[in-house]
Amino acid sequence: MEVWNAYQAVKANKGSAGVDGQSIGEFDLNLKRNLYKIWNRMSSGSYFPPPVKRVEIPKADGKRPLGIPTVSDRVAQMVVKNRLEPLVEPHFHNDSYGYRPGKSAHNAVEQARKRCWRDDWVLDLDIKGFFEAIDHGLVMKAVSKFTQCKFTLLYIERWLQADVILPSGERLVRNQGTPQGGVISPLLANIFLHLAFDDWMRKTFSCIHFERYADDIVVHCRSRDQVEMMRSKIKDRLARCKLELSQEKSKIVYCKDSNREGDYPVQSFDFLGFTFRPRSVRDKQGKFFVSFSPAVSRKALKTIRKKIKEHPVVKQIFNLDIGDVACALNPVLQGWINYYGRFRKSAMSPIYSYTNDKLMKWTRRKYKNLQRRKTHSGSWLQSVYRRQPTLFAHWRVWNWVAE
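What is the right way to read the overall build of the protein chain from this model?
In terms of regular secondary structure, the protein chain is built from 15 helices and eleven strands. When the backbone C-alpha atoms are referred to their principal axes, the protein chain occupies close to 70 × 60 × 35 Å. Counting all 403 residues of the protein chain, 48% fall into the buried class. Across the protein chain, every contact between residues at least 6 apart in sequence was considered, and the portion connecting residues at least 24 apart equals 66%. Only carbon and sulfur atoms are counted for the fraction: they give 50% of the accessible area of the protein chain, which is about 21,000 Å². Across the protein chain, the mean location of the 70 positive side-chain charges is 6 Å away from that of the 40 negative side-chain charges.

Next comes the structure, spelled out in structure tokens:
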């Protein structure tokens, strides 16, 4: 039953094939035998994970390496995760939000917003290459504080040490780090940072608040002296845990608003795709004031624009009509709206305008009579908007014609 439940969770999460090239669909062709093999080997202690497939995904400041286990290995990891998670969850800190049941990135951002209103200073922390740098010995020591199950400890150690197959085909032997992309990796990261950071903060600096989402950490302080002291203390603490605080990306931020005097050079930081900075807002009486609050970040907007530009349906015109384009774009548009539109919805307007521009280009390629002037395609698309104002996800939340 444990293996079956783990398989159901892995199938629901989808995911691509690992080094063996086997997809979930192919795994299903011989499902009974494949699941029995996993159960038999895990229950006997003879399960050895295959190498992890390394892929690189683009991010704002370069590329992020991901490790993709095989489907069978993801099922095996899920079995152990489902056993271990209930044991550690009751011990985790309330302000740890990443990859936890009942908690979300929005919860972390909302809490950070409230604390920025209360405290004048923020320490925006960046741990240099956390997932690649995490020490195997310390991870095992951390996990052993919550369980003494020999099979759990045995398999976690094997997963940590599993080789990596690089895109070039080269086989890399790992002696540190846990690959992002593995089923068990987020839980191991939370266990490690719970002891390395969260619980240490609770015991040593209980009056200082923070939010942590995986390795993204924001610490709130009352004064400049306090925030500088905390940077030094946290740097030393991480060093003892064989981690390094990035001097370039970690920064001290002044949470400037209408009630705070002083002019300090750094007055913004990014957290989970949102930029916190001073913003003009209107109160219930219609008066404007400055609030230190979050909205979608420039990096996120740039990434979204790139994904819209490169979306296959935007480039296709044959055998498609405007309804087909909407069906293809709406799931990704709605996902962005749900996430980034949670705080300061108007900050998403540039994305809505950009999407409409791409739709107008699509109509000019599709219909020859609209090719001469941009205004013609704009008028045509507006006529569609008036007839079907809910056709595209962003039309449902943004009055395009009024803009």
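Please explain helix 5 (residues 105-118) as it appears in this structure.
For the α-helix, the turn length of 3.6 residues means that residues three or four positions removed from each other point alike. Under the 1.5 Å per step criterion, the end-to-end length of helix 5 is 20 Å for 14 residues, consistent within 8% with the ideal 20 Å. Within the sequence span of helix 5, burial applies to Ala105, His106, Ala108, Val109, Ala112, Arg115 and Cys116. Structurally, the start of helix 5 carries an N-cap: the backbone nitrogen of histidine 106 is 3.4 Å from a side-chain oxygen of serine 104.

Which parts of the structure should I look at to understand empty space enclosed by the protein?
It is the rolling of a water-molecule-sized probe over the atoms that shows where space remains empty. Counted according to the given criterion, the structure contains one cavity of 30 Å³ or more. Within this model, the largest cavity holds a volume of roughly 80 Å³. Around the largest cavity, the lining comprises 14 residues; the ones closest to its centre are Gln77, Trp159, Pro179, Ile184 and Ser185. Those elements giving two or more residues to the lining of the largest cavity turn out to be helix 4 (71-88), helix 8 (150-161) and helix 9 (185-204). Considered class by class, the residues forming the lining of the largest cavity number eight nonpolar, four polar and two charged.

Honestly, the sheet that holds strand 7 (residues 216-221) in this entry has me stumped. Any pointers?
Within a beta sheet, neighbouring strands are joined by backbone hydrogen bonds and run either parallel or antiparallel to one another. The strand order across the open sheet formed by four strands is 6-7-3-8, and the pairing between neighbours is antiparallel. This sheet does not close on itself; its edge strands, each paired only once, are strand 6 (210-213) and strand 8 (251-254). Neighbour-to-neighbour, the strand axes of this sheet turn through a mean angle of 15 degrees, independent of strand direction. With four bridges joining them, strand 6 and strand 7 adopt antiparallel strand pairing. Counterpart to phenylalanine 210 in the pairing with strand 7 is valine 219.

Quick question: what am I supposed to make of unusual backbone geometry here?
Generally, phi is negative for residues other than glycine and the peptide bonds are trans, each holding for most cases. You will see that alanine 214, though not glycine, has its phi angle at about 55 degrees, which is positive. Inspection of the secondary structure assignment puts alanine 214 in the loop between strand 6 and strand 7. Positive phi, close to 60 degrees, is recorded for leucine 272, a residue that is not glycine. Relative to the assigned elements, leucine 272 resides in the loop between strand 9 (269-271) and strand 10 (274-282). We classify leucine 272 as buried; its relative accessible area is 16%.

Sorry, what's going on with the pattern of salt bridges here?
A side chain with one charge may pair with a side chain of the opposite charge, provided their charged atoms come close. For the coordinates displayed, the defined rule picks out 18 salt bridges. As a salt-bridge pair, arginine 83 and glutamate 2 come within 2.7 Å of each other at their nearest N and O atoms. Highlighted residues: arginine 83 in helix 4 and glutamate 2 in helix 1 (residues 2-13), separated in sequence by 81 residues. A salt bridge links arginine 260 to aspartate 120; its shortest N-O distance comes to 2.8 Å. Here aspartate 120 lies in the loop between helix 5 and strand 3 (121-126) and arginine 260 lies in the loop between strand 8 and strand 9, a separation of 140 residues in the sequence.

Would you explain helix 8 in this entry?
Between its terminal C-alpha atoms helix 8 stretches 17 Å, which fits the 16 Å expected from twelve residues at 1.5 Å a residue. Buried within helix 8 are the following residues: Thr152, Leu153, Tyr155, Ile156, Arg158, Trp159 and Leu160. On its buried face, helix 8 is in contact with helix 3 (31-44), helix 4, helix 7 (136-143) and helix 9.

What exactly am I supposed to notice about the sheet that holds strand 11 (residues 288-296) here?
The strand order across the open sheet built from three strands is 9-10-11, with neighbouring strands paired in antiparallel fashion. A single partner strand is all that each edge strand has here, and the edge strands are strand 9 and strand 11. Ignoring strand direction, the axes of neighbouring strands in this sheet form an average angle of 50 degrees. Sheet analysis places strand 10 next to strand 11, joined by nine bridges and oriented antiparallel.

Hey, could you run me through the pairing of strand 6 in this one?
Looking along a regular strand, one sees side chains alternate from face to face of the sheet. Judged by which residues are buried, strand 6 turns out to be covered on both faces: Phe210 and Arg212 on one side and Glu211 and Tyr213 on the other are all buried. Hairpin remark: strand 6 followed by strand 7, antiparallel, with two residues in the connecting loop; positive phi at alanine 214, about 55 degrees.

Any chance you could explain the environment of phenylalanine 292 here in plain terms?
As for its placement among the helices and strands, phenylalanine 292 is situated in strand 11. Since its relative accessible area comes to 0%, phenylalanine 292 is described here as buried. Sequence separation of phenylalanine 292 and lysine 11 is 281 residues, and the distance between their C-alpha atoms is 42 Å. Phenylalanine 292 has contacts with Cys116, Trp117, Val253, Tyr254, Cys255, Lys256, Asp257, Gln267, Phe269, Phe276, Arg277 and Pro278, leaving out every residue within four places of it along the chain.

What is the right way to read the environment of methionine 78 from this model?
Along the polypeptide, methionine 78 turns up in helix 4. Accessibility expressed as a relative area gives 5% for methionine 78, which makes it buried. Apart from residues lying up to four places away in sequence, methionine 78 is in contact with Ala6, Ala9, Val10, Asn13 and Val183.

Cut-off values and rules
Residues numbered from 1 in each chain as written. Predicted model: local features only at pLDDT ≥ 70, side-chain atom pairs only at ≥ 80, totals over all residues. Heavy atoms only, no water. Helix = DSSP H or I, 4+ residues; strand = E, 2+ residues; numbered from the N terminus. Buried < 20%, exposed > 50% of the residue type's maximum accessible area, 1.4 Å probe, protein only. Contact = heavy atoms within 4.5 Å. Areas by Shrake-Rupley, 256 points an atom, 1.4 Å probe, with all protein chains shown as cover. Lys, Arg positive; Asp, Glu negative; His and termini not counted. Charge placed at Lys NZ, Arg CZ, Asp CG, Glu CD. Expected span 1.5 Å × (residues − 1). Polar contact = N/O pair within 3.5 Å; in protein donor to acceptor, adjacent residues only side chain to side chain. 1 Å grid on protein atoms, 1.4 Å probe; cavity = no way out; pocket = protein on both sides within 12 Å on 5 of 7 lines; lining within 4 Å. Points joined across faces, edges and corners; volume = space filled by probe spheres on them. Nonpolar A, V, L, I, M, F, W, Y, C, P; charged D, E, K, R; others polar. Pairing = 2+ DSSP bridges. Axes fitted to C-alpha atoms, helices over the stretch in contact; angles between N-to-C directions. Salt bridge = Lys/Arg side-chain N within 4 Å of Asp/Glu carboxyl O.

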